[in-house]
Structure formats: C-alpha cells, structure tokens
Amino acid sequence: MLSSLTLALQQHILLGTLNMTGKNLVIVESPAKARTIEKYLGREFSVLSTMGHVRDLPKHRFGVNIKEGFAPTYEPLPERKESLKKLQTATKKAKEIYLATDPDREGEAIAWHVKEALKLREIQRIEFNEITKEAVRRALERPREIDMQRVEAQQARRILDRIVGYMLSPLISKKIRSRLSAGRVQSVVVRLVCEREREIQKFVPEEYWSLTATLTPQGDSRPFDAKLFRRAESEEKLKISNGEQAQQILKELEGATYRVLKVEEKEQRRHAPLPFTTSTLQQEASKKLGFSTKKTMAVAQQLYEGVELGAEGATGLITYMRTDSTRISEEAQTMARALITSKYGKEYVRVGEGRRAKKANIQDAHEAVRPTSVTRLPEDVATHLSLDQLKLYRLIWQRFVASQMAAAIFDVVSVDIQANAYLFRASGSVVKFPGWLAVYEEARDEDKLSDEDELGGQLPPLREQQVLDLLKLTPKQHFTEPPPRYTEATLVKRLEENGIGRPSTYAPTISTIVDREYVKLEKRRFVPTELGFLVTDALVKHFPKIIDVGFTALIEEELDKIEEGDLEWIKVLEEFYGEFSSAYEKAKTEMESLKPQPIETEEICPECGKKLLIRTGRYGQFYSCSGFPKCRYTRPLESEDGGEMSKSSNENLTEKPCPKCGAPMALRRGRYGPFYGCTRYPNCDGIEKAARVREESSVRCPKCSGALVKRYARKGGRSFWGCENYPECDFTVSRTPIKPCPNCKEGVLVANAEEEAVCSSKQCQHREPLAQLTTASVLS
C-alpha cells in the first residue's frame with residue numbers, strides 16, 4: 001500500500017504545478033524544529049509551530065473537578081491566541097495534517113491538545129527520534145493515531161502536581177512565609193538536601209592513621225610505595241586509631257627486613273560505558289564541563305532541533321535528548337563500527353551486543369542520546385557551533401563512539417611484602433590495550449574521598465622472597481569525613497537511583513528549588529537554607545507519606561503503568577487524593593504558624609498618621625502601615641547608616657576587621673550595592689566597599705558571541721546584563737537572559753510579567769511560555 005506521502009508526491013509530478021492551498025501541514029512545538037523539518041520536506045509541505053503547549057489548566061483556578069472523576073478543565077493559553085489562529089487557518093486549507101510533536105508523554109499531550117483546541121477530526125500522529133531527512137520521511141510513511149494511554153499518563157501527572165501545588169502552597173504560605181511553593185517532586189528533592197545536611201551536622205570525625213613504606217629492589221633505583229594493611233597472623237585489615245599506635249608499630253618495624261611474600265599478576269578488563277541517557281548526560285556534563293542541568297538541556301535542545309551548518313543548512317546533530325534508554329539502532333551501530341575500524345583499527349571494535357542498562361521503569365521506545373551521524377566529527381562542525389554547543393556535541397560524540405569500542409585491557413600486579421609481623425601491599429597497573437580509552441575517559445566520581453583504592457602506576461619487576469631496601473617509612477594522620485553535599489551530578493544520580501521524577505524533569509526541579517531559595521549553591525554544592533529546613537520539617541511532620549522518597553517513586557511507577565495500559569489513571573488519582581486530602585484537612589488546623597509577628601514601632605505613617613510596623617517578607621524586613629489594607633504605605637527597612645537592611649547584622653557578620661576601630665564588620669546591602677559596615681555603628685562609621693562577584697550568563701552575546709555579564713548602573717545601582725567586550729560591543733539587556741532568540745538571532749529571550757519569554761529586540765515579536773522552556777542561564 002502506498003503511503004500518503006508517496007501519493008502526494010506522485011500527484012505533484014502528474015499535475016506539474018503545486019496547489020498552494022492544498023499543502024500537507026506538519027505541526028511541531030518550536031520554530032527552530034519547524035525550520036529544520038521544512039527544509040527536509042520541500043514545497044509540498046507547510047510546517048508550523050505551536051510555540052509549546054496551547055492549552056493547560058486555568059492559571060488562577062483549581063481547574064480539576066474532584067467529584068466528577070477528576071475531570072480537568074483546560075483553557076487555551078492567552079499567549080497562544082495568535083498561534084492557534086494561524087494553525088486554525090492553515091488546517092482548513094491542508095490536505096493532510098500531521099502532528100509531529102516530541103516522542104514522549106509531553107509531546108503526545110501537546111498533540112492531543114492541538115487536536116482538541118482546533119477541533120480536528122482527522123489527523124495523523126508522527127514521531128521521530130532524530131531530526132534528519134530520512135527519519136522525518138520514514139515517520140511520514142508510518143503515521144498512527146494519538147496514543148491516549150500516553151496522554152492519560154501525562155494528564156494524571158499534571159493533575160497530581162496541580163492537587164499538591166494548589167493545596168500545599170497556600171497552606172505553607174499562610175503558616176511559614178508568603179509566596180512559598182510546594183510540589184510533589186520538588187519538596188522531596190529539598191528533603192534529600194536537608195537530610196544530607198543534617199547528616200553532616202551530626203557527623204563526628206574519627207581519627208585514624210596510615211603507614212606507607214617507600215621501597216626499592218636492591219640494585220634498582222625505581223622506588224614504589226606499599227601500604228601497611230594487616231598483621232601477618234590476621235586476616236582482618238589493621239586499624240591504627242591514633243598516633244600512639246602508629247609510633248608503637250614504627251618501633252616494632254625498626255631494623256625489619258622487607259621481603260616479597262607473594263606476587264599476583266592478572267589481566268583486568270574495563271568495559272566501555274553505556275551511551276548517554278538524559279540522566280547520565282546531565283551528570284557527565286556537570287562533572288566534565290561544569291554545566292548545570294538546565295544549561296545541559298538547553299544546549300542539547302539546540303543540537304536536537306537543528307543548527308545551521310553552512311551550505312548544509314539547519315541540521316539536527318543529536319537524537320532526542322529526553323530518554324532513559326541505552327538502546328542503539330542497528331544502523332547507528334553499523335556506522336559507528338565502520339568509523340572505528342577506519343580510524344583506529346578492527347581490533348578496537350566491540351565484539352557482541354554489549355551491555356544494556358539493567359534498571360526498572362526504562363522507557364525503551366527511544367534510543368540513547370547519540371549523534372545523528374557519527375561521521376559528522378566534532379572538528380568538522382566546530383566553526384558552526386557556539387563554544388557550549390561544541391563542548392556538549394563532542395562529549396556526546398565521544399561517549400557514543402566509545403560505547404561501541406572494545407574493552408580496555410590492563411596488566412595488574414599486586415605484591416604482598418612482609419616486614420616482621422606486618423604485611424604491606426603495593427598495587428600497580430599498566431595499559432596493555434587502550435580500547436575505548438583511546439576516545440573517551442569518564443569523569444571522576446565527585447564524591448570519591450580518597451585515593452586509597454586507586455591502582456598505582458607500573459611497579460618494577462619483583463619476585464617472591466626478593467629482599468627490598470627501605471627508603472622511608474611515613475606515618476600519616478587522617479580523619480573520617482562526613483558524607484559530601486550534593487552536586488548537581490550527584491543529586492541527579494540520587495534522584496534516578498531512587499526513581500524520583502523523570503530525568504526530563506530534573507533540570508526544572510533543581511532550578512525551582514534554587515529560585516525559591518530553599519537551597520543555595522556554594523562551591524557547586526547544594527546547601528539548604530533556613531527556609532528550606534522550615535518548609536521541609538513542616539511537610540515531613542504533617543505529610544510524611546506525600547513527601548516520602550519511596551512513595552514518590554511508587555507514583556512514578558504507577559504513571560508508567562498508566563502509559564503501558566496496565567492501570568487506570570482515575571484509580572491512581574483516587575488513591576492518592578484520599579490519603580492526601582485527609583492529611584491536608586488535619587494540617588490546616590494542626591500546623592503551627594512560623595510567620596514572624598509584626599513589630600510595632602513609634603514611627604508614624606506619612607500617608608495616614610497611623611503607626612508603622614516592621615514586617616518580614618520574602619526579601620527581608622520592611623516598614624508597613626498598621627492601617628493595611630486601607631493604607632498600603634511601605635518602605636524598605638534602613639540601617640542607621642542609610643543602607644537598606646534585608647537581614648540582621650548577625651546573619652551577615654564577617655571576620656573582616658573595621659579599618660577604624662578593629663571591630664568585626666557586617667556585610668550589608670545599600671542602594672549602590674553591597675558594602676561592609678562596622679557593627680559598632682553609630683559609635684563607629686567605618687565602611688568599605690565590597691567587591692562584586694562576576695556573574696556570567698550561559699547565554700552568549702548575539703552581536704559578538706562574548707559573555708554576557710551582570711553590571712550595575714552608576715546612578716541608583718540598577719543591574720543589567722552587558723557584553724564583556726564593552727566598549728567594542730555595546731549590547732545590553734535589562735533583564736536576565738534566558739536563551740538566544742530562535743527567531744531573529746539579534747536579541748535574547750527575557751521573562752516578562754505575563755510569565756512569557758520575549759525577545760529583547762524591539763524589532764522582533766517572538767515570545768514563548770516560560771513553563772515550556774528548559775533553557776536558562778547557569779545556576780549561580
């Protein structure tokens with residue numbers, strides 16, 4: 001049977017002309033994706049973008065009828081009015097309508113919402129894992145219906161999140177602090193960070209010692225180290241608890257002969273890592289490139305949707321980046337093996353099928369993240385990519401090629417050496433065959449605390465009963481260390497291991513908990529704030545199951561079962577809501593209020609004459625009229641030195657001495673930025689200017705590709721973003737850049753009051769919903 005695409009092409013050839021009002025219409029989510037696909041399809045097709053979701057639950061209403069089977073009320077998004085109008089006009093003229101949204105639950109839901117919003121009866125759903133000419137054409141030859149099981153799974157997630165967010169957020173805002181938010185997944189993530197911090201706070205370090213012998217074979221000048229590991233008569237590892245024990249062992253080893261007791265040689269194979277999933281891509285990009293999860297997904301989105309490659313035009317460089325599968329198509333494997341053979345040799349090609357990830361809940365419909373064409377080398381496209389795009393593409397390319405290569409082979413030697421009643425051990429290794437290491441090396445685990453288990457380099461030739469010369473014996477004191485704080489990479493790893501959320505949600509979730517000030521980043525590690533502790537403790541006390549790690553993972557499993565058709569979505573919601581609603585009703589009366597009470601002052605409101613109160617808001621303390629809400633007078637709370645004080649001096653106390661009196665100084669913020677002020681003010685008026693830390697956006701300057709850095713105006717201290725190459729480049733933008741404008745290439749997208757991302761260029765009218773963006777500047 002001929003496909004609809006083949007019939008359309010044959011009709012065009014027979015007629016010899018193209019009926020402009022009878023094009024086939026393909027609908028996608030983003031303009032960049034539309035431009036790339038349109039180039040592949042030619043004039044027989046028109047490709048339009050929805051600009052993201054077109055419908056959602058109401059912004060200012062609950063929008064879910066619990067009593068009527070959790071029936072949702074969807075409304076067209078106001079910012080999609082023009083997009084829907086254009087799509088409506090185009091669908092009336094189209095011969096065939098293809099919905100080509102992303103190949104996941106979210107994409108399926110967007111396709112369904114488009115169909116419902118436009119009241120379309122006959123549509124064809126197509127999906128592709130990569131945006132290449134062949135992949136798009138193959139998809140057009142295999143259209144299908146919308147997968148309602150996927151839609152129901154997404155709808156169940158959306159309603160679950162609405163129930164938790166819409167009910168919990170007002171509760172904690174009333175009890176703890178205004179304008180707070182809680183979420184089914186985000187609150188669990190904050191809990192993990194808080195629990196780790198409390199482990200660190202409770203940790204008591206324990207002392208221990210190590211003893212290292214530096215030895216050399218007699219007549220050989222090549223020294224090597226061996227570590228004391230046990231007594232000769234015991235099988236247990238020797239523990240040296242203090243310096244006295246270490247000194248006692250040193251005395252017992254005085255004059256000892258060091259003799260090789262055993263030499264063990266073996267061959268060790270180190271298999272290639274699996275190709276990237278969303279999670280492992282985020283982890284490795286964090287460790288090797290220093291990218292935040294947000295930045296990784298933003299750059300990956302650009303590589304997936306298409307990058308201009310000169311004469312080749314817009315080209316998708318990687319496969320779909322939201323996946324938890326490590327599967328690779330036969331075609332891609334064949335191409336990779338051919339490249340490896342020609343570039344490195346046949347012996348470097350992996351033999352057999354290779355490993356596959358053994359995890360529950362893997363959605364294996366997609367492939368792993370890989371280059372769309374392995375023959376498109378990073379150096380071949382370097383001139384067409386930004387620095388960040390090149391870094392991420394090179395990482396993905398290297399990881400994929402390495403995954404198809406043979407194991408690395410090491411010759412490993414382990415030597416036991418006896419000295420009196422003690423045994424020392426030395427280990428070494430040399431690369432016998434590099435295998436996949438010729439292309440790629442995995443980043444070191446960020447939470448590895450010591451090198452004690454690392455293999456050393458090559459040892460000199462040794463034989464049993466050989467006597468060795470002792471060059472030195474080195475005792476060293478150590479202390480056990482607390483569990484490390486989470487980095488973005490280790491937090492993502494923990495979330496994946498525990499089945500919390502989906503890899504595609506990690507980036508926005510992490511961004512949310514930072515933006516909401518529940519956690520902060522210090523030296524690229526997450527530290528909970530006091531607010532984070534307060535909110536977490538309240539939720540754990542009153543909603544122990546809802547923000548339980550295991551329960552959250554169970555919900556994810558049930559969503560997977562809805563998608564697979566093994567569970568009804570309404571049943572999942574009924575079970576969840578029954579338990580949640582009872583806990584909620586109880587918490588409304590039992591949750592204690594932690595909001596600071598207003599402090600009455602003797603100051604008089606200049607507008608109504610009533611007394612002013614000191615209240616505490618999201619950004620600290622401020623003056624507010626006691627006649628509120630009739631009188632809405634407010635003003636910042638100023639310190640006596642004239643600077644605005646958002647926090648107490650004790651919270652910002654530093655070890656910096658006052659240049660006038662030597663007392664400690666506090667870091668304060670005034671109208672012209674941060675400064676150090678003496679804590680003895682007004683008795684001492686010592687102040688010093690505080691240097692601002694350079695804040696750099698992940699978005700590059702659209703004029704010259706330089707870095708966009710945060711600057712401050714001379715008058716009033718207003719902040720803005722400007723190019724680092726000023727005065728040669730004068731590009732500035734008043735709001736935080738989110739990503740380059742995909743429409744005009746002359747501006748950047750910034751957030752407006754309507755929760756939209758709009759282009760900073762006045763000549764460009766491009767806008768997108770903030771909720772759909774996974775792009776943003778690096779977390780700071």
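Up top you'll find the structure we're talking about.
Residues numbered from 1 in each chain as written. Predicted model: local features only at pLDDT ≥ 70, side-chain atom pairs only at ≥ 80, totals over all residues. Heavy atoms only, no water.

Asks: Teacher, can you tell me more about the overall build of the chain here?
Replies: When its secondary structure is counted, the chain shows 18 helices and 34 strands. Every one of the 780 residues in the chain was classed for burial, and the buried ones make up 49%. In the chain, the share of contacts with a sequence separation of at least 24, taken over all contacts with a separation of at least 6, comes to 65%. Carbon and sulfur atoms make up 48% of the accessible area of the chain, which totals about 39600 Å². (Helix = DSSP H or I, 4+ residues; strand = E, 2+ residues; numbered from the N terminus. Buried < 20%, exposed > 50% of the residue type's maximum accessible area, 1.4 Å probe, protein only. Contact = heavy atoms within 4.5 Å. Areas by Shrake-Rupley, 256 points an atom, 1.4 Å probe, with all protein chains shown as cover.)

Asks: Is there a simple way to think about the sheet that holds strand β7 (residues 97–99) in this case?
Replies: Picture the strands of a sheet paired through backbone hydrogen bonds; they go either parallel or antiparallel. In space, the four strands of this open sheet follow the order β2-β1-β7-β8, with parallel pairing throughout. With partners counted over all chains shown, the strands left at the sheet margins are β2 (45–49) and β8 (124–125), one partner each. As paired strands, strand β1 (residues 24–28) and β7 are joined by three bridges and run parallel to one another. The residue of β7 that forms the bridge with Val26 is Tyr98. Contacts between helix α2 (residues 31–41) and the sheet are confined to β1 and β2, with β2 contributing the most and set at about 175° to the helix. (Pairing = 2+ DSSP bridges. Axes fitted to C-alpha atoms, helices over the stretch in contact; angles between N-to-C directions.)

Asks: When you look at the side chain of Asp102 in this model, what are you seeing that I'm missing?
Replies: Topologically, Asp102 is positioned in the loop between β7 and α4 (105–117). A relative accessible area of 8% places Asp102 in the buried class. A distance of 3.3 Å separates a polar atom in the side chain of Asp102 from a polar atom in the side chain of Tyr320. Residues within four places of Asp102 in sequence aside, it is in contact with Glu29, Lys33, Gly107, Glu108, Arg125, Tyr304, Tyr320 and Arg322. (Polar contact = N/O pair within 3.5 Å; in protein donor to acceptor, adjacent residues only side chain to side chain.)

Asks: When you look at the environment of Glu79 in this model, what are you seeing that I'm missing?
Replies: Within the secondary structure, Glu79 sits in the loop between β6 (75–76) and α3 (81–93). Measuring from C-alpha to C-alpha, the distance between Glu79 and Arg767 comes to 8.2 Å, with 688 residues separating the pair along the chain.

Asks: Help me understand the pattern of salt bridges in this model?
Replies: It is possible for side chains bearing opposite charge to pair when their charged atoms get close. Under the definition given, this model contains 44 salt bridges. With its nearest N and O atoms 2.7 Å apart, the salt bridge here joins Arg425 to Asp416. Residue classification places Arg425 among the partly exposed residues on the basis of a relative accessible area of 35%. One salt bridge connects Arg485 with Glu522, and the closest N-O pair in it is separated by 4.0 Å. A residue pair is termed long-range when its members are at least 10 positions apart, and Arg485 in the loop between β16 (467–479) and α14 (488–497) and Glu522 in strand β17 (residues 519–522) qualify at 37 residues. Here the salt bridges share partners, and the residues they tie into one network are Arg105, Glu108, Arg125, Glu127, Arg144, Arg150, Asp324, Arg502, Asp560 and Glu563. (Salt bridge = Lys/Arg side-chain N within 4 Å of Asp/Glu carboxyl O.)

Asks: What should I look at first to understand the packing of aromatic side chains in this one?
Replies: Aromatic ring pairs are defined here through the distance separating the ring centres and the angle between the ring planes. Following the criterion strictly, the structure yields 12 aromatic pairs and no others. Considering the side-chain rings of Phe576 and Phe580, the 5.7 Å spacing of their centres and the 15° angle between planes classify their relative orientation as stacked. Of the two residues, Phe576 and Phe580 both sit in helix α18 (residues 569–590), four residues apart, roughly one turn of that helix. By the burial criterion, Phe576 is buried, and Phe580 matches it. Judged by its relative accessible area of 0%, Phe580 is buried. (Phe/Tyr/Trp six-rings, centres within 6.5 Å; stacked < 30°, edge-to-face > 60°.)

Asks: How should the sheet that holds strand β32 (residues 748–751) be read in this particular structure?
Replies: Spatially, four strands are ordered β31-β32-β33-β34 in an open sheet, and the strand pairing comes out antiparallel. Pairing within the sheet leaves two strands with one partner each, and these edge strands are β31 (739–740) and β34 (767–769). Note: strand β33 (residues 756–759) against β34, three bridges, orientation antiparallel. Across the sheet, residue Ala757 finds its bridge partner in β34, namely Glu768.

Asks: It is not clear to me how the nonpolar core should be interpreted in this structure. Could you clarify?
Replies: What tends to happen in soluble globular proteins is that the nonpolar side chains get buried as a cluster. Ranked by internal contacts, the top residues of the largest apolar core, which has 75 residues, are Phe543 and Phe576. Among the elements that make up this core, the one with the highest residue count is helix α6 (residues 148–175) (11 residues). Among residues more than four places away in sequence, those in contact with Phe543 are Leu168, Leu171, Phe580, Ala583, Tyr584, Ala587 and Met591. Counting 66 residues, the second-largest nonpolar core is a separate cluster that includes Ala272, Ala300, Ile318 and Phe410. (Core = buried A, V, L, I, M, F, W, Y, C linked by side-chain atoms within 4.5 Å.)

Asks: I'm lost on the packing of α4 against α6 in this one. Help?
Replies: Think of two packed helices as two axes; the pair is described by the angle between the axes and how far apart they sit. Orientation of α4 relative to α6, taken along the N-to-C sense of each, is 100°, at an axis distance of 8 Å. With respect to their mutual orientation, α4 and α6 come out roughly perpendicular. For the pair α4 and α6, the contacting residues are Arg105, Glu106, Glu108, Ala109 and Trp112 in the first and Met148, Arg150, Val151, Ala153, Gln154, Gln155 and Arg157 in the second. Tallied by class, residues from the contact of α4 with α6 come to five nonpolar, two polar and five charged. (Parallel < 35°, antiparallel > 145°, perpendicular 65-115°, else oblique. Nonpolar A, V, L, I, M, F, W, Y, C, P; charged D, E, K, R; others polar.)

Asks: Even after reading the chapter, I still don't get helix α17 (residues 549–564), so can you show me in this structure?
Replies: Because each turn of an α-helix spans 3.6 residues, side chains separated by three or four positions in sequence point in the same direction. For α17, built from 16 residues, the straight-helix expectation of 22 Å at 1.5 Å per residue is met to within 8% by its first-to-last C-alpha distance of 23 Å. Taken together, the buried positions of α17 are Val549, Phe551, Thr552, Ala553, Ile555, Glu556, Glu558, Leu559, Asp560, Ile562 and Glu563. Turning to α17, the residues buried within the fold contact α4, α6, α7 (186–202) and α18. Residue Asp548 occupies the N-cap position of α17, its side-chain oxygen lying 3.0 Å from the main-chain nitrogen of Gly550. (Expected span 1.5 Å × (residues − 1).)

Everything listed here is a matter of coordinates, which is why it stays silent on function.
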